[in-house]
Amino acid sequence: MRNKPVVLYGCGYEGKKFYWKYREEFDIRFAVDQNAREEEYFYDIPKRRIDEIEDIENYFVIVTTGSENWISIRAVLENKGLKCDVDFTWSRWFNKKKIAVLYGNCHMEVLGKYFHSNIDFQREYEVYLYILYKDINIEILKGDIEHCDLFITQDVRKENKHHRPSADSLISITRSGCRSIRIPNLHGMNLFYPQMDLRRLGEQDSVIEDVAYYVIGRGDEIIESGFQNGKTVDEMVDEISNTRIFSEALIKGVFETGLQKIKKRELDCDILISDFIERNYKKVQLFYEPVHPTNVLILEKANRVLELIGYNAVTEDEIQMSLLDGCDQEEAFIYPCVRETLGLEYEQNYIRKNKGVGFRNSALTLREYIEDYYKVLRIGMKRKCDSVI
């Protein structure tokens, strides 16, 4: 690729970002815009329609568009005889950072926040998150996995209610050198809630209205039974508060059954979590209900994965940062003389930790901040001089 001049396909935000990031590094000859007019430019680069570049095979094409256009553009380029990753690629995969793909249910969203809050991980990996119940373009998912360096997935079965690819099928298409880590899925792990009928967990979403769903949650057989039998609210409160509704044997049985179910799932996984549950379930709440573990448990899973791939555990400060939607996208360094004069004691080794923006999409050191600042100044100054000439 580096022996060929480059054509950018796309002049939107991703194209602009690529230009400012790589203009000094690559010989960018054209920018493809299907609405380009004669003598029109993308910054200092001539715009062309794709069919106007007759010797397209002599260039390396980098598609700088969003996912909604990538698939159709890929087809256009393949129809011209070009091969993906040989003659062209997507800017999403053209990244000096490594790529990590997270795949699973909503637990993975929280897990992803904890990974991102680890500065070292954030600086090394660009993370793409795929949640089972959300819209997923399977072609783009598979493309990301074929290009990723780290694939972290729950133990998604072949037959799953979302009709998504299994963990095994996706692991099978990872490239050589990609590390795949399978973690236990804690959805449906009922250790503490004998009043809930797990057979109903998959039905709740379709049976009741959205607003009501967030009132009753996963359902309560005891309350529903009391209602059907004409018991008042006060009676139900008293019954639940002061009556042994479930026997000791039943309660222990539910707990042990749930714990053994987790241990069975762990047999196919690369990390364990049942030992942490056994040690800590008396001291701290680990599940909100059978479908959702608390952040305490998800954090422990995150730290075990981080340890497995050679990173330190997430710190308390980083945990707080991961739970906040900070406004640090324009943060600047405080100069040392100011720090000394004012007697500032806290550390500021990085800026923009919570909202990685700019070229790198990660926290910045002072050196990186200045490097990127200079890059903007150099390219801006060159463009200004060229426009005068």
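Residues numbered from 1 in each chain as written. Predicted model: local features only at pLDDT ≥ 70, side-chain atom pairs only at ≥ 80, totals over all residues. Heavy atoms only, no water.

The subject of this paragraph is unusual backbone geometry. A positive phi is found at Tyr-43, a non-glycine position, where the angle reads about 55°. Structurally, Tyr-43 is set in the loop between β3 (41-42) and β4 (45-48). Here Tyr-43 falls in the partly exposed class, since its relative accessible area comes to 27%. A positive phi angle, close to 75°, is found at Asp-85, a residue other than glycine. Of note, Asp-85 is situated in the loop between α2 (67-79) and β6 (88-90). (Helix = DSSP H or I, 4+ residues; strand = E, 2+ residues; numbered from the N terminus. Buried < 20%, exposed > 50% of the residue type's maximum accessible area, 1.4 Å probe, protein only.)

To continue, consider helix α5 (residues 138-147). Along α5, the residues that are buried comprise Ile-140, Leu-141, Gly-143, Asp-144, Ile-145 and His-147. Of the surrounding secondary structure, the elements contacted by the buried residues of α5 are α2, β6, β7 (98-104), β8 (125-131), β9 (150-154) and α6 (167-171). (Contact = heavy atoms within 4.5 Å.)

This part covers the pairing of strand β5 (residues 60-63). Side chains Phe-60 and Ile-62 project from β5 onto one buried face, and the interleaved Val-61 and Val-63 project onto a second face that is buried too. As defined by bridge partners, strand β1 (residues 6-9) adjoins β5 across 4 bridges and the pair is classed as parallel. Its bridge partner lying in β5, Val-6 is registered against Phe-60. For β5 and β6, the ladder comprises 3 bridges, and the chain directions are parallel. By the bridge assignment, Val-63 is partnered in β6 with Trp-90. Handedness of the crossover is the feature at issue here: the chain leaves β5, passes through α2, returns alongside β6, and the resulting connection is right-handed. (Pairing = 2+ DSSP bridges. Right-handed = clockwise from strand over helix to strand, strands pointing away.)

Turning our attention to the nonpolar core. Of all hydrophobic cores here, the largest spans 34 residues; its most connected members are Val-61, Leu-77 and Tyr-103. By size, the runner-up hydrophobic cluster in this structure holds 23 residues, among which are Leu-150, Ile-271, Ile-298 and Ile-319. (Core = buried A, V, L, I, M, F, W, Y, C linked by side-chain atoms within 4.5 Å.)

Below, the discussion takes up the sheet that holds β9. Within the open sheet, the 4 strands sit side by side as β8-β7-β9-β10. Their pairing is parallel. Here the strands that pair on one side only, and so sit at the sheet edges, are β8 and β10 (179-183). Within this sheet the neighbouring strands show an average axis-to-axis angle of 15°, counted without direction. Two elements, β7 and β8, share 7 bridges in a ladder whose sense is parallel. Across the sheet, Leu-102 pairs through a bridge with Leu-129, a residue of β8. In the packing of helix α13 (residues 295-308) onto the sheet, contacts are made with β9 and β10, and the angle to β10 comes to roughly 155°. (Axes fitted to C-alpha atoms, helices over the stretch in contact; angles between N-to-C directions.)

Quick look at the confidence of the model for the protein now. Parts of the model with low pLDDT should not have their predicted coordinates read in detail. Per-residue confidence for the protein gives a mean pLDDT of 86; residues scoring 70 or more make up 88%. Segment residues 204-209: pLDDT under 50, and 9 contacts once partners within four positions in sequence are set aside and those in other chains are kept. (pLDDT = per-residue confidence, 0-100.)

Let's shift gears to the packing of aromatic side chains. For the structure shown, the criterion picks out 26 aromatic pairs. Look at Phe-30 and Tyr-59: their rings are 5.8 Å apart centre to centre, the planes differ by 70°, and that puts the pair in the edge-to-face class. Linking Phe-30 in strand β2 (residues 28-32) with Tyr-59 in the loop between β4 and β5, this pair joins segments that are 29 residues apart in sequence. Side by side, Phe-30 and Tyr-59 carry an identical accessibility label, which is buried. Among the aromatic residues, those joined into a ring-pair cluster are Phe-192, Tyr-193, Phe-255, Tyr-281 and Phe-287. We note Arg-92 situated over the ring of Tyr-128; from NZ or CZ to the ring centre the distance is 3.7 Å. (Phe/Tyr/Trp six-rings, centres within 6.5 Å; stacked < 30°, edge-to-face > 60°. Lys NZ or Arg CZ within 6 Å of the ring centre and 35° of its normal.)

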